[in-house]
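# Structural features, examined
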Amino acid sequence: MSALKQKKKVLRLKVVKSYFPGKRMAWRNGMNAKEASLRYLSYKDRTKYEIKRHLERKGYTEDDISRAIEFLEECNFVNDEDYCVRYIKYGIEKGRGPIRLEFELKQRGIDIDTIYSKLNATYSEDKERESAQRLIDKYIEQADKQIDSKELAKIGRRLATNGYRSSLIYDLLSKYR
(Lines give C-alpha, C1' and ligand atoms only; values in the text may rest on other atoms or scores of the structure.)
Protein backbone atom coordinates (compact mmCIF):
# COMPACT_ATOMS: atom_id res chain seq x y z
CA MET A 1 0.00 0.00 0.00
CA SER A 2 1.41 3.36 -0.98
CA ALA A 3 2.07 6.06 1.57
CA LEU A 4 -0.67 8.27 0.10
CA LYS A 5 -3.28 5.49 0.36
CA GLN A 6 -2.20 4.79 3.93
CA LYS A 7 -2.59 8.49 4.84
CA LYS A 8 -6.06 8.62 3.27
CA LYS A 9 -7.12 5.51 5.17
CA VAL A 10 -5.88 6.92 8.49
CA LEU A 11 -7.58 10.25 7.76
CA ARG A 12 -10.85 8.53 6.94
CA LEU A 13 -10.65 6.50 10.15
CA LYS A 14 -10.15 9.67 12.17
CA VAL A 15 -13.11 11.39 10.49
CA VAL A 16 -15.39 8.41 11.02
CA LYS A 17 -14.29 7.96 14.64
CA SER A 18 -14.98 11.64 15.32
CA TYR A 19 -18.35 11.34 13.57
CA PHE A 20 -19.38 8.37 15.72
CA PRO A 21 -17.51 8.98 19.00
CA GLY A 22 -17.33 6.34 21.72
CA LYS A 23 -18.79 3.53 19.62
CA ARG A 24 -16.80 0.50 18.73
CA MET A 25 -17.51 -0.49 15.15
CA ALA A 26 -16.97 -3.59 13.12
CA TRP A 27 -15.05 -2.82 9.97
CA ARG A 28 -15.32 -4.56 6.68
CA ASN A 29 -13.18 -3.36 3.79
CA GLY A 30 -12.53 -0.14 5.68
CA MET A 31 -16.22 0.72 6.02
CA ASN A 32 -18.60 0.24 8.93
CA ALA A 33 -22.27 -0.69 8.60
CA LYS A 34 -23.43 2.92 8.93
CA GLU A 35 -21.15 4.08 6.15
CA ALA A 36 -22.12 1.15 3.96
CA SER A 37 -25.83 1.84 4.49
CA LEU A 38 -25.38 5.56 3.78
CA ARG A 39 -23.51 4.74 0.59
CA TYR A 40 -26.25 2.27 -0.42
CA LEU A 41 -28.88 4.95 0.23
CA SER A 42 -27.00 7.56 -1.79
CA TYR A 43 -28.05 5.93 -5.07
CA LYS A 44 -31.81 5.86 -4.45
CA ASP A 45 -34.38 5.53 -1.67
CA ARG A 46 -34.50 2.15 0.05
CA THR A 47 -36.62 0.41 2.65
CA LYS A 48 -35.36 -0.97 5.95
CA TYR A 49 -35.66 -4.48 4.53
CA GLU A 50 -33.53 -3.65 1.48
CA ILE A 51 -30.81 -2.05 3.61
CA LYS A 52 -30.81 -4.96 6.05
CA ARG A 53 -30.55 -7.49 3.23
CA HIS A 54 -27.70 -5.53 1.61
CA LEU A 55 -25.72 -5.32 4.85
CA GLU A 56 -26.27 -9.02 5.55
CA ARG A 57 -24.86 -9.86 2.12
CA LYS A 58 -21.86 -7.67 2.90
CA GLY A 59 -21.19 -9.73 6.05
CA TYR A 60 -22.05 -7.32 8.85
CA THR A 61 -23.32 -8.64 12.19
CA GLU A 62 -26.96 -8.34 13.27
CA ASP A 63 -25.96 -5.91 16.02
CA ASP A 64 -24.16 -3.61 13.57
CA ILE A 65 -27.06 -3.81 11.13
CA SER A 66 -29.66 -2.93 13.76
CA ARG A 67 -27.54 0.02 14.98
CA ALA A 68 -27.09 1.27 11.43
CA ILE A 69 -30.82 1.06 10.67
CA GLU A 70 -31.64 2.74 13.98
CA PHE A 71 -29.22 5.55 13.08
CA LEU A 72 -30.83 5.96 9.64
CA GLU A 73 -34.31 6.12 11.20
CA GLU A 74 -33.19 8.71 13.77
CA CYS A 75 -31.79 10.88 10.97
CA ASN A 76 -34.99 10.24 8.95
CA PHE A 77 -33.02 8.80 6.04
CA VAL A 78 -35.24 5.69 6.08
CA ASN A 79 -39.00 5.86 6.54
CA ASP A 80 -41.02 3.00 5.07
CA GLU A 81 -44.35 4.85 5.21
CA ASP A 82 -43.01 7.84 3.26
CA TYR A 83 -41.31 5.47 0.84
CA CYS A 84 -44.60 3.66 0.32
CA VAL A 85 -46.48 6.88 -0.52
CA ARG A 86 -43.75 8.07 -2.90
CA TYR A 87 -43.61 4.68 -4.62
CA ILE A 88 -47.39 4.58 -5.09
CA LYS A 89 -47.37 8.07 -6.64
CA TYR A 90 -44.50 7.03 -8.91
CA GLY A 91 -46.40 3.87 -9.90
CA ILE A 92 -49.54 5.84 -10.71
CA GLU A 93 -47.50 8.12 -12.99
CA LYS A 94 -46.10 5.03 -14.74
CA GLY A 95 -49.59 3.54 -15.24
CA ARG A 96 -49.30 0.72 -12.70
CA GLY A 97 -52.39 -0.65 -11.04
CA PRO A 98 -52.93 -1.35 -7.34
CA ILE A 99 -52.30 -5.10 -7.60
CA ARG A 100 -48.87 -4.61 -9.13
CA LEU A 101 -47.99 -1.83 -6.69
CA GLU A 102 -48.98 -4.05 -3.76
CA PHE A 103 -46.81 -6.87 -5.10
CA GLU A 104 -43.78 -4.64 -5.68
CA LEU A 105 -44.03 -3.03 -2.24
CA LYS A 106 -44.28 -6.47 -0.60
CA GLN A 107 -41.08 -7.45 -2.41
CA ARG A 108 -39.40 -4.38 -0.94
CA GLY A 109 -40.32 -5.50 2.57
CA ILE A 110 -43.07 -3.01 3.38
CA ASP A 111 -45.58 -4.15 6.00
CA ILE A 112 -48.89 -5.27 4.43
CA ASP A 113 -50.98 -3.02 6.71
CA THR A 114 -48.92 -0.01 5.65
CA ILE A 115 -49.34 -0.95 2.00
CA TYR A 116 -53.14 -1.25 2.25
CA SER A 117 -53.57 1.95 4.25
CA LYS A 118 -51.41 3.99 1.86
CA LEU A 119 -52.96 2.41 -1.25
CA ASN A 120 -56.49 3.14 -0.01
CA ALA A 121 -55.54 6.72 0.86
CA THR A 122 -53.74 7.40 -2.43
CA TYR A 123 -55.30 5.15 -5.09
CA SER A 124 -59.10 5.46 -5.23
CA GLU A 125 -61.32 3.42 -7.56
CA ASP A 126 -61.95 6.50 -9.70
CA LYS A 127 -58.23 7.10 -10.05
CA GLU A 128 -57.70 3.45 -10.97
CA ARG A 129 -60.45 3.61 -13.60
CA GLU A 130 -59.07 6.85 -15.01
CA SER A 131 -55.53 5.46 -15.17
CA ALA A 132 -56.66 2.23 -16.86
CA GLN A 133 -58.72 4.20 -19.40
CA ARG A 134 -55.69 6.35 -20.20
CA LEU A 135 -53.66 3.19 -20.89
CA ILE A 136 -56.42 1.73 -23.07
CA ASP A 137 -56.55 4.94 -25.11
CA LYS A 138 -52.77 4.86 -25.46
CA TYR A 139 -52.77 1.23 -26.62
CA ILE A 140 -55.60 1.84 -29.09
CA GLU A 141 -53.76 4.86 -30.49
CA GLN A 142 -50.61 2.75 -30.93
CA ALA A 143 -52.54 0.06 -32.80
CA ASP A 144 -52.58 1.16 -36.43
CA LYS A 145 -55.18 -1.39 -37.45
CA GLN A 146 -58.85 -1.91 -36.67
CA ILE A 147 -59.55 -2.93 -33.08
CA ASP A 148 -60.89 -6.49 -33.13
CA SER A 149 -61.40 -9.04 -30.37
CA LYS A 150 -57.82 -10.26 -30.70
CA GLU A 151 -56.46 -6.76 -30.18
CA LEU A 152 -58.82 -6.18 -27.23
CA ALA A 153 -57.58 -9.40 -25.61
CA LYS A 154 -54.01 -8.17 -26.04
CA ILE A 155 -54.90 -4.84 -24.39
CA GLY A 156 -56.62 -6.73 -21.56
CA ARG A 157 -53.49 -8.80 -20.93
CA ARG A 158 -51.35 -5.67 -20.87
CA LEU A 159 -53.67 -4.09 -18.30
CA ALA A 160 -53.61 -7.24 -16.18
CA THR A 161 -49.80 -7.23 -16.33
CA ASN A 162 -49.84 -3.63 -15.15
CA GLY A 163 -51.85 -4.68 -12.10
CA TYR A 164 -55.45 -3.70 -12.78
CA ARG A 165 -58.39 -5.73 -11.50
CA SER A 166 -59.97 -8.07 -14.05
CA SER A 167 -63.49 -6.77 -13.32
CA LEU A 168 -62.35 -3.24 -14.19
CA ILE A 169 -60.61 -4.46 -17.35
CA TYR A 170 -63.74 -6.31 -18.58
CA ASP A 171 -65.92 -3.30 -17.75
CA LEU A 172 -63.72 -0.83 -19.64
CA LEU A 173 -63.10 -3.09 -22.66
CA SER A 174 -66.80 -3.95 -23.04
CA LYS A 175 -67.30 -0.45 -24.51
CA TYR A 176 -65.14 -1.39 -27.50
CA ARG A 177 -66.87 -4.66 -28.41
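Residues numbered from 1 in each chain as written. Predicted model: local features only at pLDDT ≥ 70, side-chain atom pairs only at ≥ 80, totals over all residues. Heavy atoms only, no water.

This part takes up the environment of K127. Looking at where K127 falls in the secondary structure, it is placed in helix 8 (residues 125-142). For the pair K127 and G97, spaced 30 residues apart in the sequence, the C-alpha separation amounts to 9.8 Å. Dropping the residues within four chain positions of it, K127 is found in contact with I92 and T122. (Helix = DSSP H or I, 4+ residues; strand = E, 2+ residues; numbered from the N terminus. Contact = heavy atoms within 4.5 Å.)

Residues I88, L105, Y123, L159 and Y164 are the most contacted members of the largest nonpolar core, which totals 23 residues. Of all the secondary-structure elements, those providing two or more residues to this core are helix 5 (80-93), helix 6 (98-107), helix 7 (112-122), helix 8, helix 9 (149-161) and helix 10 (166-173). Ranked by residue count, the leading element in this core is helix 5, at five residues. Dropping the residues within four chain positions of it, L105 is found in contact with Y83, C84, Y87, I88, I110 and I115. One finds Y40, L41, A68 and L72 within the second-largest nonpolar core, a separate group that totals 14 residues. (Core = buried A, V, L, I, M, F, W, Y, C linked by side-chain atoms within 4.5 Å. Buried < 20%, exposed > 50% of the residue type's maximum accessible area, 1.4 Å probe, protein only.)

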